[in-house]
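Inside the fold
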Amino acid sequence: MPLGFILICYVRIYQRLQRQGRVFRKGTYSWQAGQMKRVNWMLMAMVAAFALFWLPFHVFNTLEDWHHEVIPVCHSNLIFLVCHLFAMASTCVNPFIYGFLNTNFKKEVKALVLSCQQSAPLEESEHLPLSTVHTKVSKGSLRLSGRSNPI
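You'll find the protein chain entered in an unreviewed UniProt entry as Neuropeptide Y receptor type 4, with Sciurus carolinensis given as the organism. UniProt lists a comment for the protein chain under the heading Subcellular location (unreviewed entry), and it reads "Membrane".

1. A look at the packing of aromatic side chains
A complete count under the given rule lists five aromatic pairs for this structure. Look at Phe50 and Trp54: their rings are 6.1 Å apart centre to centre, the planes differ by 40°, and that puts the pair in the tilted class. With Phe50 and Trp54 both in helix H2 (residues 33-66), this residue pair falls four residues apart, about one helical turn. Ring geometry for Phe57 against Phe80: centres 5.9 Å apart, planes inclined by 50°, an arrangement best described as tilted.

2. Quick notes on the UniProt feature "transmembrane region" (unreviewed entry) in the protein chain
In the numbering adopted here, UniProt assigns the feature "transmembrane region" (unreviewed entry) to residues 39-57 and 77-101. Secondary structure across residues 39-57 comprises 100% helix and 0% strand; the distance between its end C-alpha atoms is 28 Å. Annotated as 96% helix and 0% strand, the span residues 77-101 places its first and last C-alpha atoms 36 Å apart.

3. Remarks on the nonpolar core
Tyr10 and Ile97 are the most contacted members of the largest nonpolar core, which totals 17 residues. Setting aside residues no more than four positions away along its own chain, Ile97 makes contact with Met42, Ala45, Met46 and Ala49.

4. Section: the packing of helix H4 (residues 90-101) against helix H5 (residues 103-117)
Geometrically, a packed helix pair is captured by the angle between its two axes and the distance between the axes. Contact pair H4 / H5: the axes reach a minimum separation of 5 Å and the direction vectors enclose 80°. When the interaxial angle is binned, H4 and H5 end up roughly perpendicular. Together, Gly99, Phe100 and Leu101 of H4 and Thr103, Phe105 and Lys106 of H5 make up the contact between the two elements. Grouping the amino acids of the contact of H4 with H5 by side-chain chemistry returns three nonpolar, two polar and one charged.

5. Examining the environment of Met36
In this structure, Met36 sits in helix H2. Judged by its relative accessible area of 6%, Met36 falls in the buried class. In this structure, the C-alpha to C-alpha distance between Met36 and Leu17, residues 19 residues apart in sequence, is 8.2 Å.

6. Regarding the confidence of the model for the protein chain
Across the protein chain, pLDDT averages 75, with 69% of residues at or above 70. Highest mean pLDDT in the protein chain belongs to helix H3 (residues 73-88) (90); lowest belongs to helix H6 (residues 122-126) (52).

7. Some details on a nonpolar patch on the surface
A cluster of nonpolar side chains, Leu78, Leu81, Val82 and Leu85, forms an exposed patch at the surface whose accessible area comes to about 380 Å². Inspection of the secondary structure assignment puts Val82 in helix H3.

8. Things to note about H3
The terminal C-alpha atoms of H3 lie 23 Å apart, and with 16 residues this matches the ideal 22 Å at 1.5 Å per residue to within 8%. Within H3, burial applies to Ser76, Cys83 and Ala87. What you see down the axis of H3 is that its buried residues fit within an arc of 50°, all on one side. Seen from the buried face of H3, the exposed residues on the opposite side, beyond 90 degrees, are Cys74, Asn77, Leu78 and Leu85.

Rules used throughout
Residues numbered from 1 in each chain as written. Predicted model: local features only at pLDDT ≥ 70, side-chain atom pairs only at ≥ 80, totals over all residues. Heavy atoms only, no water. UniProt positions renumbered as here; feature names shortened; annotations may be inferred. Phe/Tyr/Trp six-rings, centres within 6.5 Å; stacked < 30°, edge-to-face > 60°. Helix = DSSP H or I, 4+ residues; strand = E, 2+ residues; numbered from the N terminus. Core = buried A, V, L, I, M, F, W, Y, C linked by side-chain atoms within 4.5 Å. Buried < 20%, exposed > 50% of the residue type's maximum accessible area, 1.4 Å probe, protein only. Contact = heavy atoms within 4.5 Å. Axes fitted to C-alpha atoms, helices over the stretch in contact; angles between N-to-C directions. Parallel < 35°, antiparallel > 145°, perpendicular 65-115°, else oblique. Nonpolar A, V, L, I, M, F, W, Y, C, P; charged D, E, K, R; others polar. pLDDT = per-residue confidence, 0-100. Patch = residues over 30% accessible without salt bridge, like charges linked within 9 Å, V, L, I, M, F, W, Y side chains within 5 Å. Areas by Shrake-Rupley, 256 points an atom, 1.4 Å probe, with all protein chains shown as cover. Salt bridge = Lys/Arg side-chain N within 4 Å of Asp/Glu carboxyl O. Expected span 1.5 Å × (residues − 1). Arc of directions from axis to C-beta.

Right under this line is the structure:
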């Protein structure tokens, strides 16, 4: 039932995006086919991830209810715990799916990593004190990673 509900919600999101895409194509803005394809993949990935993460839990419960002799009693609690943890992990997956399929997110992560790799030159940072509380150097005069914007 939850899988059906999620599937219906994402189908409605897809339909809404399709309608908006048609409106944008008729106007001055144009949606690229690649963007729509990426959104479709994202929606399908979210539904598939939900189904896959909850599948072990439902298989376990079905076996426990209908064929309880298949699952050893001594391992029942451990198997339930693993299946339950796996199912609960499904709540953490959507942000990762969104992030890895979103080009803007990838660009921002790449820019962040590249900016972290570029550190200030050694001679520029050697003379700065670790704390500016009791020195003449004010926070406004410090520059972060060579940028001209004050802190």
